[in-house]
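Chain by chain, the residues run as shown.
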Amino acid sequence: MKILAVNGSPTTKKGMTHILLDLFLQGAAEAGAEVERFNVVDKKIKYCDGCFNCWVRTPGECIHKDDMPAILDQVAAADALILATPLYVDGMTAQMKTFVDRIIPLVEPEFEMVEGHYRHKSRISKIPGIFLMSVCGFWEADNFDGLVDHIKRICKNFQADYLGELLRPNSYILAMDDLFPKEVAAIHEGIRQAGREFVTNGQISETTMEAAVAQPIPKEPALQGSNMFWAECRKQKKFIFHHRDSAV
Ligand SMILES: Cc1cc2nc3c(=O)[nH]c(=O)nc-3n(C[C@H](O)[C@H](O)[C@H](O)COP(=O)(O)O)c2cc1C
């Protein structure tokens, strides 16, 4: 399986999205996947201008001369596209959406009716299936509902398969191995295992998913701990989460 993984977090290696994606891709590679990855912020990807030149004047080719044409070749060659984004105000980051909008040259302008709904035809044989990975600060899994719905709709829009999701709320637990070494190691292993199962079985088992999204700190104490953390950040006038300083 050829995987193209896209990280839409502006914090790149200092972020929880990176940790989640990295562990998953370790598992995927162990299971034999060929993995390519990039951070959206490391690439030059301009906003879509909405000019439709990529549909009519230069079909398949955008007017912008940036990194996107080469990335579209990678998208076209992939079996699976992983979109990894933190939850920002209940959706994907602006960086990730900028990337997704620029996939438009891979579809044709003409509509076709699919199960009673207008869809675009693909310009390539098939746009790869999309697997969603996300992290968020709040504790509850339902915070991802809007994002999951959006990605499923994007899949229908592009006539791509929706390949599933791995969603990690209470994201900062991923880097709290100093405070909860055993629990965090088990979460990390769950995420790695999810990557293996994704490649081997095309889906992630319930047991593995439970391990990956386990909540070692119950909801109320987690809220109090979080508020104490922010109080300290305010006192020091900086975001003092250690992973920000240690990530290379
Ligand atoms: C602009 C912004 C908006 C956010 N919106 C949400 C949100 O709606 N729900 C939520 O649970 N977390 C929200 N968060 C928290 C992030 O999802 C969380 O900090 C995550 O770990 C950030 O990803 P990163 O670690 O890769 O930088 C937001 C963070 C930022 C900076």
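Thresholds, definitions, all that
Residues numbered from 1 in each chain as written. Predicted model: local features only at pLDDT ≥ 70, side-chain atom pairs only at ≥ 80, totals over all residues. Heavy atoms only, no water. Near = heavy atom within 4 Å. Polar contact = N/O pair within 3.5 Å; in protein donor to acceptor, adjacent residues only side chain to side chain. Areas by Shrake-Rupley, 256 points an atom, 1.4 Å probe, with all protein chains shown as cover. Nonpolar A, V, L, I, M, F, W, Y, C, P; charged D, E, K, R; others polar. Patch = residues over 30% accessible without salt bridge, like charges linked within 9 Å, V, L, I, M, F, W, Y side chains within 5 Å. Salt bridge = Lys/Arg side-chain N within 4 Å of Asp/Glu carboxyl O. Helix = DSSP H or I, 4+ residues; strand = E, 2+ residues; numbered from the N terminus. Expected span 1.5 Å × (residues − 1). Pairing = 2+ DSSP bridges. Axes fitted to C-alpha atoms, helices over the stretch in contact; angles between N-to-C directions. Contact = heavy atoms within 4.5 Å. pLDDT = per-residue confidence, 0-100.

1. A word on the site of the ligand
Piece 1. Around the ligand sit 16 residues in total, of which Thr 11, Met 16, Thr 17, Val 89 and Tyr 172 are the nearest.
Piece 2. The backbone of Leu 87 places a nitrogen or oxygen atom 2.8 Å from an oxygen atom of the ligand.
Piece 3. Coverage of the ligand by the protein chains reaches 76% of its 640 Å² of free accessible surface.
Piece 4. Counted by class, the shell around the ligand contains nine nonpolar, six polar and one charged residues.

2. Some points on a nonpolar patch on the surface
Piece 1. Nonpolar side chains collect at one region of the surface, where Phe 111, Met 113 and Tyr 118 lie side by side and expose about 390 Å² of accessible area between them.
Piece 2. By the secondary structure assignment, Tyr 118 is in strand S5 (residues 117-122).

3. Digging into helix H8 (residues 219-236)
Piece 1. Here H8 spans 26 Å end to end across 18 residues, near enough to the 26 Å set by a 1.5 Å rise per residue.
Piece 2. Directly beyond the C-terminal end of H8, a positive phi value near 60° is found at Lys 237.

4. Looking at the pairing of strand S4 (residues 107-114)
Piece 1. Strand direction decides the pairing type here: S4 and S5, joined by five bridges, are antiparallel. Paired with Glu 112 across the strands is Arg 119, a residue of S5.
Piece 2. Between S4 and S5, which pair antiparallel and follow one another directly, the connecting turn spans two residues, one of which, Glu 115, has a positive phi of 45°.

5. Remarks on the sheet that holds strand S1 (residues 2-7)
Piece 1. Strand order in this open sheet of five strands is S2-S1-S3-S6-S7, and the pairing throughout is parallel. Each edge of the sheet is formed by a strand with only one pairing partner; in this case those strands are strand S2 (34-39) and strand S7 (162-168). When the angles between neighbouring strand axes are averaged without regard to direction, this sheet yields 15°.
Piece 2. Note that strand S6 (residues 129-135) and S7 share six bridges and pair parallel. Looking across to S7, one finds that Ser 134 is bridged to Leu 167.
Piece 3. On top of the sheet, helix H3 (residues 68-77) reaches S1 and S2; it is set at about 135° to S1, its chief contact.
Piece 4. Of the strands in this sheet, S1, strand S3 (80-86), S6 and S7 are in contact with helix H6 (residues 181-201), which crosses S7 at around 175°.

6. A word on the pattern of salt bridges
Piece 1. Counting across every chain of the model gives eleven salt bridges.
Piece 2. Residues Arg 153 and Asp 149 are paired through a salt bridge, measuring 3.0 Å at the closest nitrogen-oxygen approach. Of this pair, Arg 153 and Asp 149 both sit in helix H5 (residues 145-158), four residues apart, which is roughly one turn of the helix.
Piece 3. Each member of the salt-bridge network shares a partner with another, and the members are Glu 30, Glu 189, Arg 192 and Arg 196.

7. Describing the confidence of the model for the protein
Piece 1. Chain-level pLDDT for the protein is 96 on average; 100% of the residues reach the 70-or-more range.
Piece 2. Scoring the predicted complex yields pTM 0.97 and, for the interface, ipTM 0.99.

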